[in-house]
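Below, each chain spelled out in residue letters.
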Amino acid sequence: MSRIAVVTGGTRGIGAASSKALKEAGCTVAAVYACNEEAAAKFNDETGIAVFKWDVSDTGACADGLAKVESDLGPVEILVNNAGITRDTMFHRMDVEKWRAVIDTNLNSLFNMCRPVIEGMRERGFGRIVNISSINGQKGQMGQTNYSAAKAGELGFTKALAQENAFKGITVNAICPGYIGTEMVLAVPEKVLNEKIIPLIPVGRLGEPEEIARCVVFLASDDAGFITGSTLSANGGQVMD
Ligand code: CAA
């Protein structure tokens, strides 16, 4: 599939695995990162994938960044909204900064990234948008009212945008990863991870970023044209939605 793909949070974790898998599938990939210069430079050295720096919570930066990608590489045909952060804390201790940071980066970024590319996709009659939500948007998670709200919001956004664009050759789908062995999950206190999380995963282990990347490649492919507005749960059986 020789298409132009943008992956946000594309130089680390699930995003890096998705960028690499899309490249292996034949795409020209732009991997967007926000702040970790060292990881981005290493990723670019190792993979040859172009990296672009902007903050997905910034509406203007997304419009400018996507215009630069399109002038460098061509019209965006595949968009993977993967960038996300956690600011875990119990709600009764949460301040507004932790609330806003997570909603802005994880949910408002979908507006910021999709809005500049949707008109071009409609004109060309083709598009694939894959939103990386989370098991915790499906089931909720203690310590994550902000994250769970944003991730559940992504599912509603996905279904609405899918309906608006189904007749235009554009599919919009969500993937809900469970607990994957990335920096984000490994930042959970070890005792909590070992005693409260892993025992709840029927396959008995954390997932691997590549297992989510394969879902991304499938939903981004031309072959997946009849799948839109769907939620693909990839969580080792932890939640069967
Ligand atoms: N499931 C069940 N119980 C949990 C739990 C969880 N995920 N997290 C914490 N608990 C329990 C603790 O074990 C503890 O119980 P005990 O007193 O019986 O041992 C109790 O809740 C209080 O926990 P803490 O002592 O850790 O309290 P805290 O205020 O210091 O921190 C917390 C609370 C912020 C919830 C912290 O425990 C935490 O970060 N938990 C993990 C939250 C989580 O699952 N985040 C997911 C991050 S990965 C991700 O988001 C990616 C994705 O999409 C899946």
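Above: the structure in question.
Everything numeric in this text was worked out from a predicted model, so none of it was measured.

Definitions and limits used
- Residues numbered from 1 in each chain as written.
- Predicted model: local features only at pLDDT ≥ 70, side-chain atom pairs only at ≥ 80, totals over all residues.
- Heavy atoms only, no water.
- Salt bridge = Lys/Arg side-chain N within 4 Å of Asp/Glu carboxyl O.
- Helix = DSSP H or I, 4+ residues; strand = E, 2+ residues; numbered from the N terminus.
- Buried < 20%, exposed > 50% of the residue type's maximum accessible area, 1.4 Å probe, protein only.

Engineer: How do you make sense of the pattern of salt bridges when you look at a structure like this?
Structural biologist: Where charged atoms from two side chains of opposite charge come close, those side chains can pair. Tallying each qualifying case throughout the model produces 10 salt bridges. Taking the shortest distance from any N to any O, the salt bridge between Glu183 and Arg12 comes out at 2.8 Å. Of this pair, Glu183 sits in helix 7 (residues 183-186) while Arg12 sits in the loop between strand 1 (4-8) and helix 1 (13-24); the two residues are 171 residues apart in sequence, bridging distant segments of the chain. You can call Glu183 exposed: its relative accessible area is 54%. Close ionic contact of Lys42 with Glu46 constitutes a salt bridge, the shortest N to O distance being 3.3 Å. Residue Lys42 and its partner Glu46 are both found in helix 2 (residues 37-47); the two are separated by 4 residues, about one turn of the helix. Like Lys42, the residue Glu46 is exposed in the burial classification. What you see here is one network of salt bridges that share partners, running through Arg3, Glu77 and Asp222.

Engineer: What should I look at first to understand the environment of Gly169 in this one?
Structural biologist: Relative to the helices and strands, Gly169 resides in the loop between helix 6 (145-165) and strand 6 (170-177). Once the C-alpha coordinates of Gly169 and Gly225 are considered, the two residues, 56 residues apart in sequence, prove to be 7.5 Å apart.

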